[in-house]
Amino acid sequence: MVKRINKAKLIKQYIGEVIKEYGFQYAGSQAGIIWLFERQKNGVKQEVYLQEIRFVHMVTMRFQSYTYGWERPIQPGDYVEKYRNQEFWEYHTEEEYIEILEEFANILKTHGMEMLEKMLVPADSIYPTEEMERKLFESYSSLIKEAHIRYPFERTGEEAVRKVSELICQSKDKNYEEVKDFLIEMAAIYMEIFMNDMGGKVVLEQASGQKMCILRYTGRSGKRFFGPLLNVVRRWRDFHRNLDAEDWLMNKYHDLQR
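A brief report on the enclosed structure follows. (Residues numbered from 1 in each chain as written. Predicted model: local features only at pLDDT ≥ 70, side-chain atom pairs only at ≥ 80, totals over all residues. Heavy atoms only, no water.)

### Digging into the overall build of the protein
Piece 1. Regarding its fold elements, the protein presents seven helices and eight strands.
Piece 2. C-alpha atoms of the protein, sized along the principal axes, occupy 70 × 40 × 30 Å.
Piece 3. Looking at the 258 residues of the protein, the share that counts as buried comes to 49%.
Piece 4. Residue pairs at least 24 apart in sequence account for 60% of intrachain contacts in the protein once pairs closer than 6 positions are excluded.
Piece 5. In the form shown here, the protein has an accessible surface area of approximately 13,700 Å², with 46% of it arising from carbon and sulfur atoms.
Piece 6. With 38 positive and 41 negative side-chain charges, the protein shows a spacing of 4 Å between the two charge centroids. (Helix = DSSP H or I, 4+ residues; strand = E, 2+ residues; numbered from the N terminus. Buried < 20%, exposed > 50% of the residue type's maximum accessible area, 1.4 Å probe, protein only. Contact = heavy atoms within 4.5 Å. Areas by Shrake-Rupley, 256 points an atom, 1.4 Å probe, with all protein chains shown as cover. Lys, Arg positive; Asp, Glu negative; His and termini not counted. Charge placed at Lys NZ, Arg CZ, Asp CG, Glu CD.)

### As for a nonpolar patch on the surface
Piece 1. Among the surface-exposed residues, I53, F55 and V56 lie close enough to one another that they form a single nonpolar patch of about 320 Å² accessible area.
Piece 2. With respect to the helices and strands, F55 occurs in the loop between β3 (44-52) and β4 (58-65).
Piece 3. Residue class for F55 comes out exposed when judged on its relative accessible area of 79%. (Patch = residues over 30% accessible without salt bridge, like charges linked within 9 Å, V, L, I, M, F, W, Y side chains within 5 Å. Salt bridge = Lys/Arg side-chain N within 4 Å of Asp/Glu carboxyl O.)

### Some details on the layout of surface pockets
Piece 1. Put simply, the largest pocket is a space of about 380 Å³.
Piece 2. In terms of residue class, the lining of the largest pocket is made up of eight nonpolar, two polar and five charged.
Piece 3. For the second largest pocket, the lining is made up of 18 residues, of which M212, F225, F226, G227 and L230 are closest to its centre.
Piece 4. Counting residues per element, the ones that place at least two in the lining of the second largest pocket are β6 (201-207), β7 (210-219), β8 (222-226), α6 (228-240) and α7 (248-256). (1 Å grid on protein atoms, 1.4 Å probe; cavity = no way out; pocket = protein on both sides within 12 Å on 5 of 7 lines; lining within 4 Å. Points joined across faces, edges and corners; volume = space filled by probe spheres on them. Nonpolar A, V, L, I, M, F, W, Y, C, P; charged D, E, K, R; others polar.)

### Considering the side chain of S65
Piece 1. Position of S65 relative to the elements: it lies in strand β4.
Piece 2. One polar contact links S65 to Q46, side chain to side chain, over a distance of 3.1 Å.
Piece 3. Polar contacts involving the side chain of S65 include one to the main-chain carbonyl oxygen of M119, which spans 2.6 Å.
Piece 4. When neighbours within four sequence positions are excluded, S65 is seen to be in contact with V44, K45, Q46, W70, E71, M119 and L120. (Polar contact = N/O pair within 3.5 Å; in protein donor to acceptor, adjacent residues only side chain to side chain.)

### Structural notes on the pairing of strand β2 (residues 34-41)
Piece 1. Two strands pair when backbone bridges link them, and strand β1 (residues 25-30) and β2 are joined in this way by five bridges, in the antiparallel orientation. Across the sheet, residue Q30 finds its bridge partner in β2, namely I34.
Piece 2. Hairpin connection of β1 to β2: three residues between the antiparallel strands, including A31 at a positive phi of 60 degrees.
Piece 3. Here eight bridges tie β2 to β3, and the two strands are oriented antiparallel to one another. Looking at β3, one finds that I34 is bridged to Q51.
Piece 4. Between the end of β2 and the start of β3, which pair antiparallel, lie two residues, with N42 showing a positive phi angle near 55 degrees. (Pairing = 2+ DSSP bridges.)

### Digging into the packing of aromatic side chains
Piece 1. Overall, the coordinates contain 11 aromatic pairs when judged by the stated rule.
Piece 2. Taking 5.0 Å as the distance between ring centres and 90 degrees as the angle between the ring planes, the aromatic pair formed by Y190 and F194 counts as edge-to-face. Of this pair, Y190 and F194 both sit in helix α5 (residues 176-198), four residues apart, which is roughly one turn of that helix.
Piece 3. A relative accessible area of 0% means that Y190 is categorised as buried.
Piece 4. By relative accessible area, F194 is classed as buried at 1%. (Phe/Tyr/Trp six-rings, centres within 6.5 Å; stacked < 30°, edge-to-face > 60°.)

The following block contains the structure:
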């Protein structure tokens, strides 16, 4: 049986001392299995945290950056080849736990801080900018009205979602700058389909390091939300790059109906 360890004290000592010079501050523990450090840099919130499996003496270190493309937490195996097949570190004594913290501290110094700097900017050059999100939020009513003239089809059901996808595909050979306004218009139509089928309220909120136009509504499983422009841009990006990827638009439509 593992002797009781003052983990918060040790984590602040071995990890906190390494990352405090980069602006990270200890933000407390969560449910006794997560110990969190946070910082704000260049308008982006970032987290470094240690996480354990409850009732099992295993721990890992993860990073989270709230900017486009980095929404999924990453761990050492994602950016250091040596740890590619290692997700958790096992310990049975306080001495072994300290050795793991020292290893994490070394990872932070040799690879981690460089990775966190990389995670301050979007992971992909094709992403919806805050300017695009604001334009959609501020103009979606007029965009929907104008789109009815240019694209006269019924704004409800799966067939309407497929039609939006077809229109997006037709512009796949243009460059991103050329289609930004068009994609905002497609996002307005896509959002209208959801509002016709499920209702909802359009808001501008902070997400992924910037303001996003979000549709909030109450579905069968409770309160839900999604970013229509984000999914439209992803769909165009995959067409543009000839990727055989998932249908972001239809998948989200089905997901939000649950």
